Amino acid sequence: MSKSPEARHLLHSGYFHPVLRKLQTSNVEISPYNLVFPVFVGNNEKPVDVKSMPGVVQYGVSNIEECLRPIVNKGLKLVLLFGVEHGILKDEKGSYADSPRNPVIQVIPKLRRCFPDLIIMCDVCLCAYTNHGHCGIMSSDGVIDNEASIERIAQVALAYAQAGAHIVAPSDMMDGRIGAIKRSLIDYGLGNRVSVLSYAAKFASGFYGPFRDVTKSAPVFSDRKCYQLPPGSKGLATRAVLRDVTEGCDMLMVKPGLAYLDIVKQTKDAHPEYPLFVYQVSGEYAMLYHAAKAGAIDLRGVLEEVLLSMRRAGADCIITYFTPIILDWLQVKSKY
Ligand code: PBG
Ligand code: ZN
């Protein structure tokens, strides 16, 4: 009598060869269409290194074309723009967010011209431009004024759309902003030309630290816990996603990524008809970067594993600061 397990208990027979291993994972492929590159853009004459995120560069309106061209040539399909301007006058309502001098507004037409096939996504928020550093407008008693906030956020989204953005992505987490943005896009004749990607399940996370350092967008008082979601909550994440779906968003996002893959899965399971983005945020980037630098992990192997985990959980598209290096890896055709 053979001691080997019954045939149906043999798993190794299904993945003993590299091609078979590929076959077993083929529905979680990473291609350029699954990657979004977040891009910081200011008015700096030369590209500058971002201190809190080694390897990440802040581009300027005048140098972005030459900096992005090699990455576009490697297959880059989507960018997510963030405006960074230091030394500007910040005010109560974040006037600089949609000022004609804002680097995002200035750079969009240029990118459309230089890279006609590239999808331009814009983060829409006020926190980098308000004097209090919050993502909406505050009432006199220090609480978010929701109605004023969504009216203002819709104005900013419209300005980016009118400048030529394909996708506007509000990250402020105010109630009703998707509906307000959609209404103004429709009113201004852009209803069928611009998508709204909702940062729907966005948690109040410590993983945003390095980002806030770059954009100087940390709140001056208090924190964002009254509008970003409590990290322990699954229920509010379900409701936040449903809120934005009901208001008419075109696509959904979960953020951060790695620590919230259960939320990615529950969101995809509940709304498989919506493209789902997951944001591997600045702190996740920094963790992997520094662990690799210290010799604790192999960056390529571990990053691939993390990207696969996000795809497995249900993400269609991953927003990651590692995009240029991943595109490099994809250039070198795999052996199989
Ligand atoms: C602005 C915004 C933040 C991030 C994206 N848009 C910061 C925040 O909400 O505090 C975080 C991105 C990252 O950490 O990489 N609301
Ligand atoms: Zn914000």
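Criteria and thresholds
Residues numbered from 1 in each chain as written. Chains lettered and ligands numbered in written order. Predicted model: local features only at pLDDT ≥ 70, side-chain atom pairs only at ≥ 80, totals over all residues. Heavy atoms only, no water. Helix = DSSP H or I, 4+ residues; strand = E, 2+ residues; numbered from the N terminus. Expected span 1.5 Å × (residues − 1). Buried < 20%, exposed > 50% of the residue type's maximum accessible area, 1.4 Å probe, protein only. Contact = heavy atoms within 4.5 Å. Phe/Tyr/Trp six-rings, centres within 6.5 Å; stacked < 30°, edge-to-face > 60°. Lys NZ or Arg CZ within 6 Å of the ring centre and 35° of its normal. Near = heavy atom within 4 Å. Polar contact = N/O pair within 3.5 Å; in protein donor to acceptor, adjacent residues only side chain to side chain. Areas by Shrake-Rupley, 256 points an atom, 1.4 Å probe, with all protein chains shown as cover. 1 Å grid on protein atoms, 1.4 Å probe; cavity = no way out; pocket = protein on both sides within 12 Å on 5 of 7 lines; lining within 4 Å. Sits in = over half its atoms within 2 Å of the grid points. Nonpolar A, V, L, I, M, F, W, Y, C, P; charged D, E, K, R; others polar. Pairing = 2+ DSSP bridges. Right-handed = clockwise from strand over helix to strand, strands pointing away. Salt bridge = Lys/Arg side-chain N within 4 Å of Asp/Glu carboxyl O.

**Q** Looking at this structure, how should I read helix α9 (residues 282–293)?
**A** Under the 1.5 Å per step criterion, the end-to-end length of α9 is 16 Å for twelve residues, consistent within 8% with the ideal 16 Å. Inspection of α9 places S282, G283, E284, Y285, A286 and L288 among the buried residues, and these make up the whole buried set. For α9, the secondary structure elements touched by its buried residues are α6 (209–215), β9 (276–280) and α10 (299–313). Downstream of α9 by one or two residues, G295 has phi in the positive range, about 85°.

**Q** What am I meant to see in the packing of aromatic side chains here?
**A** Two aromatic rings, taken as a pair, are described by how far apart their centres are and by the angle between their planes. Per the stated rule, a full pass over the model turns up eleven aromatic pairs. Taking the centre distance of 5.0 Å and the plane angle of 75° together, the rings of F82 and F211 count as edge-to-face. Of this pair, F82 sits in strand β4 (residues 78–83) while F211 sits in helix α6, and the two are 129 residues apart along the sequence. Since its relative accessible area comes to 17%, F211 is described here as buried. Among the aromatic side chains, those forming a connected cluster through ring pairs are F40, F82, Y199, F211, Y279, Y285, Y289, Y321 and F322. Over the face of the ring belonging to Y208 we find K202, whose NZ or CZ atom lies 5.5 Å from the ring centre.

**Q** Mind showing me how you'd approach the site of ligand 1 here?
**A** By nearness alone, 18 residues border ligand 1, and K202, R212, K255, S282 and Y321 come closest of all. Within the side chain of R224, an N or O atom sits 3.0 Å from an oxygen atom of ligand 1. At a separation of 3.5 Å, a nitrogen atom of ligand 1 approaches a polar side-chain atom of K255. Considered on its own, ligand 1 offers 400 Å² of accessible surface; in the complex 99% of this is hidden by protein. With respect to the detected pockets, ligand 1 is housed in the largest cavity. Per-class residue counts for the shell around ligand 1 are ten nonpolar, three polar and five charged.

**Q** Is there a simple way to think about the pairing of strand β6 (residues 167–170) in this case?
**A** The side chains of a regular strand alternate, residue by residue, between the two faces of the sheet. Because side chains alternate across β6, one face comprises the buried residues I167 and A169, and the other comprises V168 and P170, equally buried. Across four bridges, strand β5 (residues 119–124) lies against β6 in parallel orientation. When the bridges of β6 are listed, D123 appears paired with A169. Where the polypeptide runs from β5 across helix α4 (residues 146–163) and back to β6, its parallel neighbour, the crossover connection is right-handed. Relative to strand β7 (residues 195–202), β6 runs parallel, the two being bridged by two bridges. Its bridge partner being in β7, V168 is matched across the sheet by V196. Taken together, β6, helix α5 (residues 177–187) and β7 constitute a β-α-β crossover, and its handedness is right-handed.

**Q** Explain the pattern of salt bridges to me, please; I cannot follow it from the model alone.
**A** Proximity of charged atoms lets side chains of opposite charge pair with each other. By the definition in use, this model includes 15 salt bridges. Residue R177 pairs with D172 through a salt bridge whose shortest N-O separation is 3.6 Å. Grouping residues by exposure puts R177 and D172 together as buried. The residue D316 makes a salt bridge to K268 at a minimum N-O spacing of 2.8 Å. Note that D316 is positioned in the loop between α10 and β10 (317–320) and K268 in helix α8 (residues 261–270), a separation of 48 residues in sequence. D316 sits in the partly exposed class, given a relative accessible area of 28%. Classification of K268 by relative accessible area gives buried; the value is 16%. Residues joined by salt bridges that share partners form a network here, namely D172, D175, R177, R243 and D244.

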